[in-house]
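Examining the three-dimensional arrangement
Listed below, chain by chain, are the residues.
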Amino acid sequence: QDSTWVSIHENGLHVFNAQGGKRIPTVQSGGHQIRALFEDSTGRVWTSGGSGIAVFEGETPTLYGPAHGVPDGTVVCFEQADDGAIWFSNLEGVFHFERHRAVELRSPEGGSLAGVTALKSAGQGTLWMGTLDRGLLRSYP
């Protein structure tokens, strides 16, 4: 069933289809200020609004939060790598999911990759990252 997902500033997440539209409750959508909305290659919809991450298969959410390694703070973007891994960033770091747990990508010096606002997978394990203050970064497998 084709659906359109819409984030409305300060009014949460909504889904529209041929039967009409509805608002997704904040407790199911990862917060009320949705900043990141992403559909992966399997049709799952990933959202974050400041209270973790919600992943929808159809309209049924799975929630990820601190117990899954997802840090506090709003996710600003998602990306899917060619191996199917889901990557995300908040303004404090860059993470990917391994076995339903968020794992942080660290700089060669061991620090967090703060300020990343855009992610793009380039295949073969390469990830491009647009930053607020350090230009374009690239990670290698």
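Residues numbered from 1 in each chain as written. Predicted model: local features only at pLDDT ≥ 70, side-chain atom pairs only at ≥ 80, totals over all residues. Heavy atoms only, no water.

Re the side chain of Gln80
Our working definition: Elements are defined by DSSP. Helices are runs of H or I of four residues or more, strands are runs of E of two residues or more, and each kind is numbered from the N terminus. When a residue's accessible area, from a 1.4 Å probe over protein chains only, is under 20% of the maximum for its type it is buried; when over 50% it is exposed; and in between it is partly exposed. Polar contact criterion, stated in full: a pair of N or O atoms within 3.5 Å, where within protein one must be able to donate a hydrogen and the other to accept it, and residues adjacent in sequence count only if both atoms are side-chain atoms.
Here Gln80 lies in strand β8 (residues 77-80). On the basis of relative accessible area, Gln80 is assigned to the buried category, the value being 16%. Looking at Gln80, its side chain comes within polar contact range of the main-chain nitrogen of Ser41, at 2.7 Å. From its side chain, Gln80 meets the backbone oxygen of Gly84 in a polar contact 3.4 Å long.

Considering the pattern of salt bridges
We count it as follows: A carboxyl oxygen of Asp or Glu within 4 Å of a side-chain nitrogen of Lys or Arg is what we treat as a salt bridge.
What the rule picks out here adds up to four salt bridges. Note that Lys120 is salt-bridged to Glu79, the shortest N-O span being 4.0 Å. Taken together, the residues Lys120 in strand β12 (residues 116-123) and Glu79 in strand β8 connect sequence positions 41 residues apart. Exposure remark for Glu79: the relative accessible area of 10% places this residue in the buried category. Measuring nitrogen to oxygen at the nearest pair gives 3.7 Å for the salt bridge that ties Arg134 to Asp133. On the basis of relative accessibility, which here comes to 63%, the residue Asp133 falls in the exposed class.

Focus: the nonpolar core
Where we set the bar: Here, nonpolar core refers to any group of buried Ala, Val, Leu, Ile, Met, Phe, Trp, Tyr and Cys residues whose side-chain atoms link them within 4.5 Å. Here, two residues are considered to be in contact whenever any of their heavy atoms come within 4.5 Å of each other.
Core analysis: the biggest nonpolar cluster contains 14 residues, and Trp46, Ile53, Val70, Phe78, Phe88 and Phe97 have the highest contact counts within it. The residues touching Val70, leaving out its near neighbours within four places in the chain, are Gly52, Ile53, Tyr64, Gly65, Phe88, Phe97 and Ala102. Counting twelve residues, the second-largest nonpolar core is a separate cluster that includes Cys77, Val94, Leu113 and Leu119.

Re the packing of aromatic side chains
Here a ring pair, both rings aromatic, is described through the centre-centre distance and the interplanar angle of the planes. Formally: Each pair of aromatic rings taken from Phe, Tyr and Trp, with Trp reduced to its six-membered ring, is defined by centres within 6.5 Å and is described as stacked if the planes are under 30 degrees apart, edge-to-face if over 60, and tilted in the remaining cases.
This structure, assessed with the given rule, holds eight aromatic pairs. Relative to Phe78, the ring of Trp46 lies with its centre 5.9 Å away and its plane at 50 degrees, an arrangement referred to as tilted. Linking Trp46 in strand β5 (residues 45-48) with Phe78 in strand β8, this pair joins segments that are 32 residues apart in sequence. Among the residues examined, Phe78 registers a relative accessible area of 7% and is labelled buried. On the basis of an interplanar angle of 50 degrees and a centroid distance of 5.0 Å, the ring pair of Tyr64 and Phe97 is categorised as tilted. Taken together, the residues Tyr64 in strand β7 (residues 60-64) and Phe97 in strand β10 (residues 93-98) connect sequence positions 33 residues apart. Across the pair, Phe97 and Tyr64 agree in class, each one buried. Through pairs of rings, three or more aromatic residues link up here, namely Phe38, Trp46, Tyr64, Phe78, Phe88, Phe95 and Phe97.

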